[in-house]
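Each chain, letter by letter, is given below.
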Amino acid sequence: MAQYKQMCVICRKNMALMSYKKRFPICVECELKQIDEKVEEPKFKKLFDIPLEFYRETPFLRDIKRKYLMTGFLTEKQVSAFKKTVGELKKEKK
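This one's a predicted model, so the numbers in the text were calculated from it and none came from an experiment. (Residues numbered from 1 in each chain as written. Predicted model: local features only at pLDDT ≥ 70, side-chain atom pairs only at ≥ 80, totals over all residues. Heavy atoms only, no water.)

Participant: Explain the pattern of salt bridges to me, please; I cannot follow it from the model alone.
Facilitator: Side chains bearing opposite charge may pair, as long as their charged atoms lie close to each other. Tallied over the entire structure, the rule returns eight salt bridges. For the salt bridge of Glu 29 with Arg 56, the shortest nitrogen-to-oxygen distance reads 2.6 Å. Separated by 27 residues along the polypeptide, Glu 29 in helix α1 (residues 28-34) and Arg 56 in helix α3 (residues 52-57) bring together distant segments of the chain. A relative accessible area of 35% places Glu 29 in the partly exposed class. Shared partners join several salt bridges into a network, and the residues in it are Glu 31, Arg 62, Asp 63, Arg 66 and Lys 67. (Salt bridge = Lys/Arg side-chain N within 4 Å of Asp/Glu carboxyl O. Helix = DSSP H or I, 4+ residues; strand = E, 2+ residues; numbered from the N terminus. Buried < 20%, exposed > 50% of the residue type's maximum accessible area, 1.4 Å probe, protein only.)

Written out as C-alpha coordinates, the structure is:
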(Lines give C-alpha, C1' and ligand atoms only; values in the text may rest on other atoms or scores of the structure.)
Protein backbone atom coordinates (compact mmCIF):
# COMPACT_ATOMS: atom_id res chain seq x y z
CA MET A 1 0.00 0.00 0.00
CA ALA A 2 1.42 3.35 -1.02
CA GLN A 3 1.69 5.90 1.78
CA TYR A 4 2.72 9.53 1.78
CA LYS A 5 2.80 12.45 4.19
CA GLN A 6 0.56 15.47 4.01
CA MET A 7 0.21 18.58 6.17
CA CYS A 8 -2.38 18.32 8.97
CA VAL A 9 -5.47 20.36 8.08
CA ILE A 10 -6.18 21.31 11.70
CA CYS A 11 -2.87 22.50 13.16
CA ARG A 12 -0.92 23.08 9.92
CA LYS A 13 2.29 22.17 11.78
CA ASN A 14 2.65 18.39 11.78
CA MET A 15 2.58 15.88 8.97
CA ALA A 16 -0.03 13.12 8.78
CA LEU A 17 0.63 9.74 7.20
CA MET A 18 -1.87 9.22 4.38
CA SER A 19 -2.99 6.27 2.27
CA TYR A 20 -5.77 5.70 -0.20
CA LYS A 21 -8.18 4.76 2.64
CA LYS A 22 -7.61 7.86 4.74
CA ARG A 23 -9.19 10.90 3.14
CA PHE A 24 -8.69 13.67 5.71
CA PRO A 25 -5.12 14.40 6.90
CA ILE A 26 -5.11 14.79 10.69
CA CYS A 27 -1.90 14.31 12.70
CA VAL A 28 -1.75 12.11 15.78
CA GLU A 29 -1.59 15.07 18.17
CA CYS A 30 -4.79 16.60 16.78
CA GLU A 31 -6.55 13.22 16.86
CA LEU A 32 -5.58 12.80 20.51
CA LYS A 33 -7.05 16.23 21.29
CA GLN A 34 -10.30 15.19 19.62
CA ILE A 35 -10.69 12.02 21.68
CA ASP A 36 -9.62 13.61 24.97
CA GLU A 37 -13.14 13.75 26.43
CA LYS A 38 -14.40 12.23 29.66
CA VAL A 39 -16.29 8.97 29.35
CA GLU A 40 -19.11 8.77 31.89
CA GLU A 41 -20.47 5.24 31.41
CA PRO A 42 -18.61 2.88 33.82
CA LYS A 43 -18.33 0.00 31.33
CA PHE A 44 -16.69 2.15 28.68
CA LYS A 45 -14.75 4.23 31.19
CA LYS A 46 -12.91 1.06 32.23
CA LEU A 47 -12.51 -0.03 28.60
CA PHE A 48 -10.90 3.24 27.45
CA ASP A 49 -8.64 3.56 30.51
CA ILE A 50 -5.44 2.47 28.78
CA PRO A 51 -2.02 4.15 28.52
CA LEU A 52 -1.81 7.13 26.17
CA GLU A 53 1.07 5.50 24.27
CA PHE A 54 -1.32 2.78 23.04
CA TYR A 55 -3.51 5.46 21.45
CA ARG A 56 -0.41 7.09 19.92
CA GLU A 57 0.77 3.82 18.36
CA THR A 58 -2.50 2.46 16.98
CA PRO A 59 -4.91 4.46 14.80
CA PHE A 60 -7.48 1.68 15.26
CA LEU A 61 -7.81 2.45 18.99
CA ARG A 62 -8.21 6.17 18.30
CA ASP A 63 -10.88 5.41 15.71
CA ILE A 64 -12.90 3.19 18.06
CA LYS A 65 -12.85 5.81 20.83
CA ARG A 66 -13.82 8.54 18.36
CA LYS A 67 -16.77 6.43 17.18
CA TYR A 68 -17.89 5.90 20.77
CA LEU A 69 -17.70 9.62 21.52
CA MET A 70 -19.74 10.41 18.40
CA THR A 71 -22.46 7.78 18.82
CA GLY A 72 -22.45 6.93 22.53
CA PHE A 73 -22.32 3.16 22.00
CA LEU A 74 -20.20 0.40 20.46
CA THR A 75 -21.12 -3.00 19.06
CA GLU A 76 -19.90 -6.17 20.74
CA LYS A 77 -17.53 -6.82 17.82
CA GLN A 78 -15.98 -3.37 18.23
CA VAL A 79 -15.52 -3.93 21.98
CA SER A 80 -13.97 -7.37 21.49
CA ALA A 81 -11.62 -6.08 18.76
CA PHE A 82 -10.59 -3.17 21.01
CA LYS A 83 -9.85 -5.55 23.91
CA LYS A 84 -7.93 -7.93 21.63
CA THR A 85 -5.75 -5.11 20.27
CA VAL A 86 -5.03 -3.74 23.75
CA GLY A 87 -4.15 -7.26 24.94
CA GLU A 88 -1.70 -7.70 22.07
CA LEU A 89 -0.09 -4.33 22.81
CA LYS A 90 0.29 -5.24 26.48
CA LYS A 91 1.98 -8.53 25.54
CA GLU A 92 4.41 -6.69 23.25
CA LYS A 93 5.35 -4.28 26.05
CA LYS A 94 6.33 -7.15 28.38
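Participant: Would you explain helix α4 (residues 59-71) in this entry?
Facilitator: Along an α-helix, residues three or four positions apart point the same way, because every turn accommodates 3.6 residues. Given a rise of 1.5 Å per residue, 13 residues ought to cover 18 Å, and the 18 Å separating the end C-alpha atoms of α4 matches this to within 8%. Here α4 has its buried residues at Leu 61, Arg 62, Ile 64, Lys 65 and Tyr 68. End-on, the buried residues of α4 take up no more than an arc of 165°, which puts them together on one face. The outward face of α4, more than 90 degrees from its buried face, is lined by the exposed residues Pro 59 and Met 70. (Expected span 1.5 Å × (residues − 1). Arc of directions from axis to C-beta.)

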